[in-house]
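One letter stands for each residue in the lines below.
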Amino acid sequence: MTVVIVGLSHKTAPVEVREKLSIAEPQIEAAIAYLCSYPHIQEAAILSTCNRLEIYVAVLALERATQEVIEFMCQYSQLSAPELQEHLFTLSQQEAVCHLMQVASGLDSLVLGEGQILAQVKRAYQMAQACKGIKLVLNQLFKQAITIAKRVRTETSICTGAISVSAAAVELAAIKTEDLSSRRITIVGAGKMAQLLVKHLIAKGVQQIAVVNRSRERAEEFAHQFDQAQIHCHSLNDLMAVVAASDIVFTSTAATEPLINQAQLQAVLEPQQLLMLIDISVPRNVAADVNQLIGVYVFNVDDLKSVLAQNQESRRQAALEAQQLIAAEAETFRNWLRSREAVSTISCLREKVETIRAQELEKALSRLGSEFGKKQKDVIEALTRGIVNKILHDPMVQLRAQRDIESQRLEIQTLQRLFNLETAEQPSPTAKTPSKV
C-alpha cells in the first residue's frame, strides 16, 4: 500500500484557481465516497482550507490512482487536466508522509507556525473517519501527524511571534492607509477569522467597527465578546449600504459566490469614492471585476505574503528543529507500514500452506482407514504442522528483519508471485470506474 497526496496550495496556485477547488464541509462526504469508488483507491481524506486543497489516498497502483484523483479534481473544478496540472503537486511514499506532518505542524503554511492548520487537519481526519474514508493506513498516518504537530509546538519555538492571516490583513491595512484608528471599518462575517480581525483592529486603536453577517442575531452574539470597541451589527440585507459608508472593508465568510461585485458597488458609491477591500476568504467574497472601479482597491490572501515574510524569518531556526522531529516520526511510520506489508504477505502464505496441509492430511487419513485411532491421528497432525512451521520459519524471520524497504518490497513481491498469493491489498478484478459526477 502506498500513500499519495495530490493537491495545490498558496505556493502553487493563485486564489482564482484555489477557489474552484475549495470543497465545503457538506460536500466532503460525497467527495470521499466518490474517490473511494475508484478501483485503485483504498482510502481517502480531504484537507480543504483557504490556502490549500490536498487529497490524501492510500493506493494499490500509484500512477493509476494518481490519475483517478486528478480526474476527480477536474470534474469537481470544471477545469481541464492541462489547466489544472500546472498548479498541482503530487507526492508519494515518504515524501507524502513528511508533507502531512509538515502541514499539521504549520511548516507549510502561509504563516509559518500558525496554529489554525492543526485544528483543520484534525477536522479533516474526523470527517474522513465519519464517512468511512479512512482505514488502517491513513488512520495511522493522521494520528502520527497530529501527535508530531503537538510535539513541534511544545518542543520548539515555531509558534513564538507567529501572526495570523487576520493579523496580516490588519497590518496590510495599516501600511496602505494613514491613521487606521480613525477609519470607518466594516467586517463581513462573524467567524473565527472575523474575531481575530476585531482583536487586531482594537490593538491598532480602532474604536468603531461595523459587523455584517447573514444573521444579525449571530452578529450581536459576536459583538458581545468585545467591550473595548463600539460594534454596530447589521444583517446581510444591509451589506451594500454599510460598505458604502466605510473606508475599509474586511471580508471573511464561507460564501461560495462573491458577496460584492462591480455593479453593486457602482450603484452605491459616489464617483471615485475611495474604498479598500481586503478579502481573506477562499472562495473569494469580492468579485474580480471590482478592481476595475476607480478609487476602489482590492487585496486578497495572496497579497499578504510580503507582510508575512517579515514576520517569519525569526522562526526559521525553529523550523529546522521541527524538521528533525518530523523526519524521525516519518521513519517510524515507514517502519510501521513496512511491517504491515510483511504481515499481510506472511499471513496469506501461512493460510495457503495451512489449507494445503489440511487437505493433504485429510486425504492421507482417509486412505489409512479406520485402524488409525485418535492418538495416531494427533501425532500425524502435529508432525505435519511441525514440518510446515519449520519450513516457513527462516523465510519469515528474514522477511521481518529486512531493513531496506525496497529490498523487502522485492522479497514480498517474489513471495506473492512464486506462491501465487492474493493478499487483501491487491486490487479486485471486478472493480469498476465510477460514473461521472
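Residues numbered from 1 in each chain as written. Predicted model: local features only at pLDDT ≥ 70, side-chain atom pairs only at ≥ 80, totals over all residues. Heavy atoms only, no water.

## Topic: the overall build of the protein chain
No. 1: A count of helices and strands for the protein chain gives 16 helices and 10 strands.
No. 2: At 29 Å, the protein chain has a C-alpha radius of gyration far larger than the 22 Å of a compact globule built from 437 residues.
No. 3: Taken along its principal axes, the extent of the C-alpha atoms in the protein chain is 105 × 45 × 40 Å.
No. 4: For the protein chain, the proportion of its 437 residues judged to be buried stands at 50%.
No. 5: Relative to all contacts within the protein chain whose residues are 6 or more apart in sequence, the contacts with residues 24 or more apart total 72%.
No. 6: Across the protein chain, the centroid of the 45 positively charged side chains sits 8 Å from that of the 48 negatively charged ones. (Helix = DSSP H or I, 4+ residues; strand = E, 2+ residues; numbered from the N terminus. Rg over C-alpha atoms; globule rule 2.2 N^0.38 Å. Buried < 20%, exposed > 50% of the residue type's maximum accessible area, 1.4 Å probe, protein only. Contact = heavy atoms within 4.5 Å. Lys, Arg positive; Asp, Glu negative; His and termini not counted. Charge placed at Lys NZ, Arg CZ, Asp CG, Glu CD.)

## Some thoughts on the UniProt feature "binding site: NADP(+)" (unreviewed entry) in the protein chain
No. 1: UniProt records the feature "binding site: NADP(+)" (unreviewed entry) for Gly189, Ala190, Gly191, Lys192, Met193 and Ala194 in the present numbering.
No. 2: One can find Ala190 in the loop between strand S5 (185-188) and helix H9 (192-203).
No. 3: Discounting chain neighbours no more than four positions away, the residues touching Ala190 are Asn213, Arg218 and Phe222.
No. 4: Assignment of secondary structure puts Met193 in helix H9.
No. 5: Once you skip the residues sitting within four places of it in the chain, Met193 turns out to touch Gln116, Val165, Ser166, Ser252 and Ile280. (UniProt positions renumbered as here; feature names shortened; annotations may be inferred.)

## So, the confidence of the model for the protein chain
No. 1: Model confidence for the protein chain is summarised by a mean pLDDT of 89, while 95% of its residues fall at 70 or above.
No. 2: Here helix H13 (residues 305-312) stands out as the element of the protein chain with the lowest mean pLDDT, 75, in contrast to strand S8 (residues 248-251), whose mean of 98 is the highest.
No. 3: This stretch, residues 426-437, has a pLDDT under 50; its non-local contacts, to residues over four places away or in other chains, come to 18 contacts. (pLDDT = per-residue confidence, 0-100.)

## With respect to helix H14 (residues 316-368)
No. 1: Its 53 residues place the ends of H14 77 Å apart at the C-alpha level, agreeing with the 78 Å of an ideal helix rising 1.5 Å per residue.
No. 2: Residue Gly369 follows H14 closely and has a positive phi angle near 85°. (Expected span 1.5 Å × (residues − 1).)

## Description of a nonpolar patch on the surface
No. 1: On the surface, Leu383, Ile387 and Ile391 cluster together into a nonpolar patch covering about 310 Å² of accessible area.
No. 2: Assignment of secondary structure puts Leu383 in helix H15 (residues 374-401). (Patch = residues over 30% accessible without salt bridge, like charges linked within 9 Å, V, L, I, M, F, W, Y side chains within 5 Å. Areas by Shrake-Rupley, 256 points an atom, 1.4 Å probe, with all protein chains shown as cover. Salt bridge = Lys/Arg side-chain N within 4 Å of Asp/Glu carboxyl O.)

## Some points on the sheet that holds S8
No. 1: The parallel open sheet is built from 6 strands, whose spatial order is S7-S6-S5-S8-S9-S10. The open sheet has two free edges, formed respectively by strand S7 (230-235) and strand S10 (296-300), since each of these has just one partner strand. Sheet twist, expressed as the mean angle between neighbouring strand axes with direction ignored, is 20°.
No. 2: As paired elements, strand S9 (residues 275-279) and S10 share 5 bridges and run parallel to each other. If you follow Met276 over to S10, its bridge partner there is Tyr297.
No. 3: Contacts from H9 reach S5, strand S6 (208-213), S7 and S8, with the element oriented near 160° to S5. (Pairing = 2+ DSSP bridges. Axes fitted to C-alpha atoms, helices over the stretch in contact; angles between N-to-C directions.)

## A short note on the pairing of S9
No. 1: With 5 of its 5 residues buried, S9 lies for the most part within the structure.
No. 2: Side-chain alternation along S9 places Leu275, Leu277 and Asp279 on one buried face and Met276 and Ile278 on a second face that is also buried.
No. 3: Where S8 lies against S9, 4 bridges are found, and the strand directions are parallel. For Val249, the partnering residue across the bridge sits in S9 and is Leu277.
No. 4: With respect to chirality, the unit in which S8 leads through helix H12 (residues 262-268) into the neighbouring parallel S9 is right-handed. (Right-handed = clockwise from strand over helix to strand, strands pointing away.)

## Comments concerning the pattern of salt bridges
No. 1: Throughout the structure, instances matching the rule amount to 17 salt bridges.
No. 2: Between Arg18 and Asp302 there is a salt bridge, and its shortest N-O distance comes to 3.0 Å. In this pair, Arg18 sits in helix H1 (residues 15-18) while Asp302 sits in the loop between S10 and H13, placing the two residues 284 residues apart along the sequence.
No. 3: Under the relative-accessibility criterion, Asp302 is labelled partly exposed at 22%.
No. 4: When the shortest N-O distance is used, the salt bridge between Arg184 and Asp247 registers 3.1 Å. On the criterion of sequence distance, the pair formed by Arg184 in the loop between helix H8 (165-176) and S5 and Asp247 in the loop between helix H11 (239-244) and S8 is long-range, its members being 63 residues apart.
No. 5: You can call Arg184 partly exposed: its relative accessible area is 45%.
No. 6: Because the salt bridges share partners, they merge into one network encompassing Lys11, Arg52, Glu54 and Asp108.

## Regarding the packing of H14 against H15
No. 1: At a minimum axis distance of 10 Å, the contact between H14 and H15 shows a crossing angle of 160°. Comparing the axis directions of H14 and H15 gives the class roughly antiparallel. The chirality of how H14 crosses H15 is right-handed. Listed contacts from H15 to Ala342, Ile346, Leu349, Arg350, Val353, Glu354, Arg357, Leu361, Leu365 and Leu368 of H14 are Lys377, Ile380, Glu381, Thr384, Arg385, Val388, Asn389, Leu392, Met396, Leu399 and Arg400. (Parallel < 35°, antiparallel > 145°, perpendicular 65-115°, else oblique. Left-handed = near helix turned anticlockwise from the far one by under 90°.)

## Observations concerning the UniProt feature "site: Important for activity" (unreviewed entry) in the protein chain
No. 1: Summarizing the sequence annotation, UniProt attributes the feature "site: Important for activity" (unreviewed entry) to His99 in the numbering used throughout.
No. 2: Here His99 shows up in helix H5 (residues 93-104).
No. 3: Sequence-distant contacts of His99, defined by excluding residues within four places in its chain, comprise Ile5, Arg52, Glu54, Tyr56, Phe89, Leu91 and Asp108.

## Here's the deal with the sheet that holds strand S1 (residues 2-9)
The strands making up a sheet associate through hydrogen bonds between their backbones, and the pairing can be parallel or antiparallel.
No. 1: Read across the open sheet, the 4 strands follow the order S2-S3-S1-S4; overall the sheet is antiparallel. Edge positions in the open sheet fall to strand S2 (41-49) and strand S4 (89-92), since each of these has one partner strand only. Averaged over all neighbouring strand pairs, the angle between strand axes comes to 15°, with direction disregarded.
No. 2: In terms of strand pairing, S1 meets strand S3 (residues 52-59) through 8 bridges, oriented antiparallel. Residue Leu8 lies in a different strand from S3, and its bridge partner there is Leu53.

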